[in-house]
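Architecture at a glance
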Amino acid sequence: MEITAARRAVSEARLYGILDLSYVSADGALDMTRRMLDGGVQILQLRAKNQPLDLIERLAKEVAALTSAAGAPFIINDHPNLVQPTGADGAHVGQDDLAVEATRGIIGNVLLGKSTHSVAQATAAGEQALDYIGFGPLFATPTKPDYTPIGTTEITEVHRRVKLPIFCIGGVKLENLETVLAAGAKRVVIVSGILLADDVAGYCRRCRALLDAVPLA
């Protein structure tokens, strides 16, 4: 995607999906990508913890082709050095990963997101050269077992302080999505709820219907 188009897509996105290889096999990743995109996932991230670098690079190139055709930005977690060679639209970093400025030196002027786990971290991230932040985990999640859930009470405050797009993450599922939105969320990341659904596309569509009913402004 062209840079400005990718940034516009992020600013308008509601549903961010993560293709996490701890839930999906590498062999099934492309089929899962198609289902997620068909259901209305608007940003897709590849998260491949402890996987061989050559596998991640090969898979990222294949996923990038699908997301590009769908007009959905494609983000790589953990490996900013793979963004340019795979045609990804950007990278995502955590609090303990490479600093934002250093990551920018690797990826250039493409999308960059960062995980935040408190209002203070989110506020600090809002002053950095980022395109969006993740805020969570809201609830307990096997994806991030070492992180203490922060709950939903600070969602409104973080939206007041941070002007970047904020994607609430961590244990968010269709079953609790209305609660998360009622607490002030505008955008969410859903991982296991999507990846473990019997009907992935249908699950995403139901999530999108709830999300799209809430004004972004």
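Scroll up to find the structure.
Attention in this report is confined to the structure presented alongside it. (Residues numbered from 1 in each chain as written. Predicted model: local features only at pLDDT ≥ 70, side-chain atom pairs only at ≥ 80, totals over all residues. Heavy atoms only, no water.)

**Observations concerning the sheet that holds strand β2 (residues 43–47)**
Read around the closed barrel, the 8 strands follow the order β1-β2-β3-β4-β5-β6-β7-β8; overall the barrel is parallel. Neighbour-to-neighbour, the strand axes of the sheet open up by a mean angle of 25°, direction not taken into account. Relative to strand β4 (residues 90–93), strand β3 (residues 74–77) runs parallel, the two being bridged by 3 bridges. Opposite Ile-76, over in β4, you have Ala-91 as the bridge partner. (Pairing = 2+ DSSP bridges. Helix = DSSP H or I, 4+ residues; strand = E, 2+ residues; numbered from the N terminus. Axes fitted to C-alpha atoms, helices over the stretch in contact; angles between N-to-C directions.)

**A look at the nonpolar core**
If you look at the biggest cluster of nonpolar residues, it comprises 72 residues, and the most contacted ones within it are Leu-15, Met-36, Phe-74, Val-188 and Ile-194. Sorting elements by how many residues they give to this core places helix α3 (residues 53–70) first, with 6 residues. Among all residues touching Phe-74, those that are not within four sequence positions of it are Leu-44, Leu-46, Ala-60, Val-63, Ala-64, Thr-67, Ala-88, Asp-89 and Gly-90. (Core = buried A, V, L, I, M, F, W, Y, C linked by side-chain atoms within 4.5 Å. Buried < 20%, exposed > 50% of the residue type's maximum accessible area, 1.4 Å probe, protein only. Contact = heavy atoms within 4.5 Å.)

**Points about the packing of helix α2 (residues 29–39) against helix α10 (residues 200–212)**
It is at 7 Å that the axes of α2 and α10 come closest, and there the two elements cross at 30°. The hand of the α2/α10 crossing is right-handed. Listed contacts from α10 to Met-32, Arg-35, Met-36, Asp-38 and Gly-39 of α2 are Val-200, Ala-201, Cys-204, Arg-205 and Arg-208. The residue inventory of the contact of α2 with α10, partitioned by class, reads 5 nonpolar, 1 polar and 4 charged. (Left-handed = near helix turned anticlockwise from the far one by under 90°. Nonpolar A, V, L, I, M, F, W, Y, C, P; charged D, E, K, R; others polar.)

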